[in-house]
Amino acid sequence: MVGPAAGPTGRSDQHGADETVRFTPANGPAASAARGSAQPAGRGLCVVVAGGGTAGHIEPALALADAVRRLMPEARVVALGTERGLESRLVPARGYPLELIPPVPMPRKPSPDLLKLPLRVRSAVRDTRAVLARVGADVVVGFGGYVSLPAYLAARGRVPIVVHEANARAGLANKVGARFAAAVAAAVPDSGLPDAKVIGIPLRHSITSLDRRALRAEARAHFGLHPDAPTLLISGGSQGARTLNTAVSGAAGALSRAGIGVLHAYGPKNTVAVQSVPGTPPYVAVPYLERMDLALAAADLILCRSGAMTVAEVSAVGLPAVFVPLPHGNGEQALNAVPVVDAGGGLLIPDGELTAQRVIDTVLPLVLDQGRLAAMAGATAGSGHREAADVLATMVLRAAGR
């Protein structure tokens, strides 16, 4: 049995982690802990990024923050988030101050929570407006989710707004924000946001500058993988994906006997059971991939969900992919994968069809087919946007009058 303590830690694309750094809300008695290095108004350009909850919202916000600092080193970047979101760990780890505001989750169905929504929105907007004033915000950049909505409403008429939509279908928060934004960007065409500039998804520099071949030996040594064996990476998101975990762990013996190494990010709240086969490449299971760059460099093929961030990363580095879209929401994960699949860089397997036998019949032979993987890698890289962070940073600075 492989559990949460096994192996090095790791990263992905939906929710949460097993350990978080707890901060007090922005207007509470320990607000200075949350504010970190945030400086008062009047000390140069201040960019506020709002993208909390999941890594799919947080990582583009942090990539944008890095790009702003590359273009304007003296700029300050402050992140908005909530205490329960993944940002409470990821943002401080990247060296940016985090200001906490009350979450405003949108009920998907009629419920008593829907009646409380106006009060929650009003309270969150009030607290967010106070944060923007205190840090001296010059521009607010939102990436969707329940952190962005109060940020847009608090900034409206006071601070310029820039909206970025990562998914193939825009969410409610970004649809609201786009109505009074100074600039709107999207990862793909036809996102549902009018007049959006298509730029791709901002990615961290360690991904956009990644040379998978040059880093492969270091990457495999980092995770304890076989240095030469064909290697499959499994990533089900920040929380992992039960469908992927069950199917791949069920096929573990067949993968090992075929000489395939496995790096499996199963999610911090999950466990996977694998039977090791003596004398075969290791099956390395980790809860979360902190070094996603090394994971991408170590792999020949990735089996993954098709969250917007994951699709953008594998496209940027040219890693062939087998996508298993999350079967919930409004179908955006399947749509996210379409450009890569249509270009020939990936395959798509519906969630209900992914079984251990499907892994053995479809994924296993693909990992071993180096010729096909090389062709897929070229097609995948051709669909990526490595420059998105710098393009968005330029749009943000322009909106702020810089």
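What counts as what
Residues numbered from 1 in each chain as written. Predicted model: local features only at pLDDT ≥ 70, side-chain atom pairs only at ≥ 80, totals over all residues. Heavy atoms only, no water. Pairing = 2+ DSSP bridges. Helix = DSSP H or I, 4+ residues; strand = E, 2+ residues; numbered from the N terminus. Buried < 20%, exposed > 50% of the residue type's maximum accessible area, 1.4 Å probe, protein only. Salt bridge = Lys/Arg side-chain N within 4 Å of Asp/Glu carboxyl O. Phe/Tyr/Trp six-rings, centres within 6.5 Å; stacked < 30°, edge-to-face > 60°. Lys NZ or Arg CZ within 6 Å of the ring centre and 35° of its normal. Axes fitted to C-alpha atoms, helices over the stretch in contact; angles between N-to-C directions. Parallel < 35°, antiparallel > 145°, perpendicular 65-115°, else oblique. Left-handed = near helix turned anticlockwise from the far one by under 90°. Contact = heavy atoms within 4.5 Å. Nonpolar A, V, L, I, M, F, W, Y, C, P; charged D, E, K, R; others polar.

A. Main features of the sheet that holds strand 2 (residues 76–81). With respect to topology, 7 strands assemble into an open sheet ordered 3-2-1-4-5-6-7, the strand pairing being parallel. Whereas interior strands pair on both sides, the edge strands pair on one side only; in this sheet they are strand 3 (98–100) and strand 7 (197–198). Note: strand 1 (residues 46–50) against strand 4 (residues 139–142), 4 bridges, orientation parallel. If you follow V48 over to strand 4, its bridge partner there is V140.

B. Summary view of the pairing of strand 9 (residues 261–265). Most of strand 9 sits out of view: 5 of its 5 residues are buried. Residues G261, L263 and A265 point to one face of strand 9 and V262 and H264 to the other, with burial holding for every one of them. Direction of pairing for strand 8 (residues 231–235) relative to strand 9: parallel, over a ladder of 5 bridges. If you follow L233 over to strand 9, its bridge partner there is L263.

C. Spatial organisation of the pattern of salt bridges. For the structure on display, the rule yields 12 salt bridges. Between D293 and R291 there is a salt bridge, with its nearest N and O atoms 2.9 Å apart. By relative accessible area, D293 is classed as buried at 8%. Between R358 and E353 there is a salt bridge, and its shortest N-O distance comes to 3.2 Å. Taking relative accessible area as the criterion, R358 reaches 25% and is therefore assigned partly exposed. On the accessibility criterion, E353 (42% relative accessible area) is partly exposed. A network of salt bridges, in which partner residues are shared, links E59, D66, R94 and R204.

D. Main features of the packing of aromatic side chains. With the rule as written, the count across this model stands at 0 aromatic pairs. Positioned above the aromatic ring of Y288, the side-chain terminus of R89 is 4.8 Å from the ring centre.

E. The arrangement of the packing of helix 2 (residues 55–71) against helix 16 (residues 388–399) in detail. At their nearest, the axes of helix 2 and helix 16 sit 8 Å apart, and the two run at 70° to each other. With respect to helix 16, the axis of helix 2 lies roughly perpendicular. Here helix 2 and helix 16 pass one another in a crossing that is right-handed. Every residue of helix 16 that contacts helix 2 at A63, L64, A67, V68, R70 and L71 is listed here: A389, D390, L392, A393, T394, V396 and L397. The residue makeup of the contact of helix 2 with helix 16, split by class, is 10 nonpolar, 1 polar and 2 charged.

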